[in-house]
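# Close look at the chain arrangement
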Amino acid sequence: MIRTIVCAHKMTGVTHMFAPTFSCYNKPFSSPLSSFTTSHSFSSSSTNHTFPSFSISATGTTCTLTWDDVFRISQSETVTEHDPSSYLQGFFHKIQLCNRASDKQSEFVPFIVEGRDVGFIHNRFVEHLRGFDDVFVFPEGEGPFGYHVTLHPLLKTAEERTSAVGYVVKQLGEEHIPGIRNELYPVKSSFSAPAFFSLERAAAPYFGIKAYGIHMSGYVELNGQKHLWIGKRSPTKSTYPGMLDHLVAGGLPHGIGCLENVIKECEEEAGIPRSISIKANSVSVVSYKDIEGYRYKRDVLFCYDLMLPESFVPNNIDGEVESFKLIPVEQVAEVIRKTQFFKPNCAIVIIDFLFRHGYISLENDGYLDLLRSLRIGDWS
């Protein structure tokens, strides 16, 4: 039996029997993997419900989702009671949503700096860069990389490159690079390598650089059962508004270490003081490579776990989270398996949590394939 939802830090069981009222619609995905639209139906002891189809995207999304929708899904029957061999299918689907359109990789040109491949740029987006010949050059079939994009040889220092490429991003503007945040990401060949320069965060997928981030699962143990704090994103967020999220997550900007970034994001996103957040444990990494139009996301996410005091209740400071709920892990797993309510990369981080905490079993068909698919592409 799945336990009722814990909506605050105390064990106040609340049974939600309201019919879900939500819609999450957006423009269709532009690749074979992205064409998934899922109809969710499940049965309970009293009635059957069918959920409308929907799809999600980082932009252009309209999502009206309530906690009652989440509660109803989370408390439905699990397929493991009837067909254990199909239990992992819903998890595979969520990983596919983060790894779309691999067949389109041939449309991207290598981005090379100092003889190292640091990214990939769509051949049509390359045309937007040709007007900046004092910043970019386009060698034709030279060296081991063939046709590629690189920086002008007169740009020798990281500071010069950051300034020059930043000027290009500014000139291209929101028309070609929407969502500019004035936040810099390091451009590296690998995580431990020095940065060649820094690039506007919104431009990272247009240059196909590896972007690093931190995701922290905050959990509580109540009467021997683990519960995860889940956030519902603000409806005004520019990406995935109104969808479900981790307790804490964020990109890794230039000049800050992973743990310090966790501590900073803990304070901003959940009001967790440093005295608690400093205890977060680095536990895993997930990665994916996702192509959508001119965007090539090659993200590497460092996963952290933090066991929180039973008395702690998160409080969002930066306005990016609408509300939080504390939900048993088994029920969070059901929401991920059956819906697209979660921001896609948060779903795969929680799937990793399910592996590490024993909620996904070797008895389930596809166990090793699912585990392997959490780390796709170059995660150096």
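Scroll up to find the structure this text is about.
This write-up is about the structure you can find in this document. (Residues numbered from 1 in each chain as written. Predicted model: local features only at pLDDT ≥ 70, side-chain atom pairs only at ≥ 80, totals over all residues. Heavy atoms only, no water.)

## Focus on the overall build of the chain
Each helix and strand counted, the chain has ten helices and 19 strands in total. Here the chain holds 380 residues, and 54% of them are scored as buried. When contacts within the chain are restricted to residue pairs at least 6 apart in sequence, long-range pairs at least 24 apart make up 69% of them. When the accessible area of the chain is evaluated, it comes to approximately 16300 Å², of which 52% is carbon and sulfur surface. (Helix = DSSP H or I, 4+ residues; strand = E, 2+ residues; numbered from the N terminus. Buried < 20%, exposed > 50% of the residue type's maximum accessible area, 1.4 Å probe, protein only. Contact = heavy atoms within 4.5 Å. Areas by Shrake-Rupley, 256 points an atom, 1.4 Å probe, with all protein chains shown as cover.)

## Comments concerning the pairing of strand β8 (residues 116-122)
Burial of β8 is extensive: five of the seven residues sit out of reach of the surface. In the sheet, strand β7 (residues 108-113) pairs with β8 via six bridges, with the strands oriented antiparallel. Its bridge partner lying in β8, Phe108 is registered against His122. Hairpin connection of β7 to β8: two residues between the antiparallel strands, including Glu114 at a positive phi of 50 degrees. (Pairing = 2+ DSSP bridges.)

## Structural notes on helix α1 (residues 67-74)
Of all eight residues in α1, seven are buried, a share of seventy percent or more. Those residues of α1 not exposed but buried are Trp67, Asp69, Val70, Phe71, Arg72, Ile73 and Ser74.

## Quick notes on unusual backbone geometry
Although it is not a glycine, Asn182 adopts a positive phi angle of roughly 55 degrees. Tracing the chain through its elements places Asn182 in the loop between α4 (158-176) and β11 (184-187). One non-glycine residue, Asn223, lies in positive phi territory at about 50 degrees. Note on placement: Asn223 falls in the loop between β13 (210-222) and β14 (225-233).

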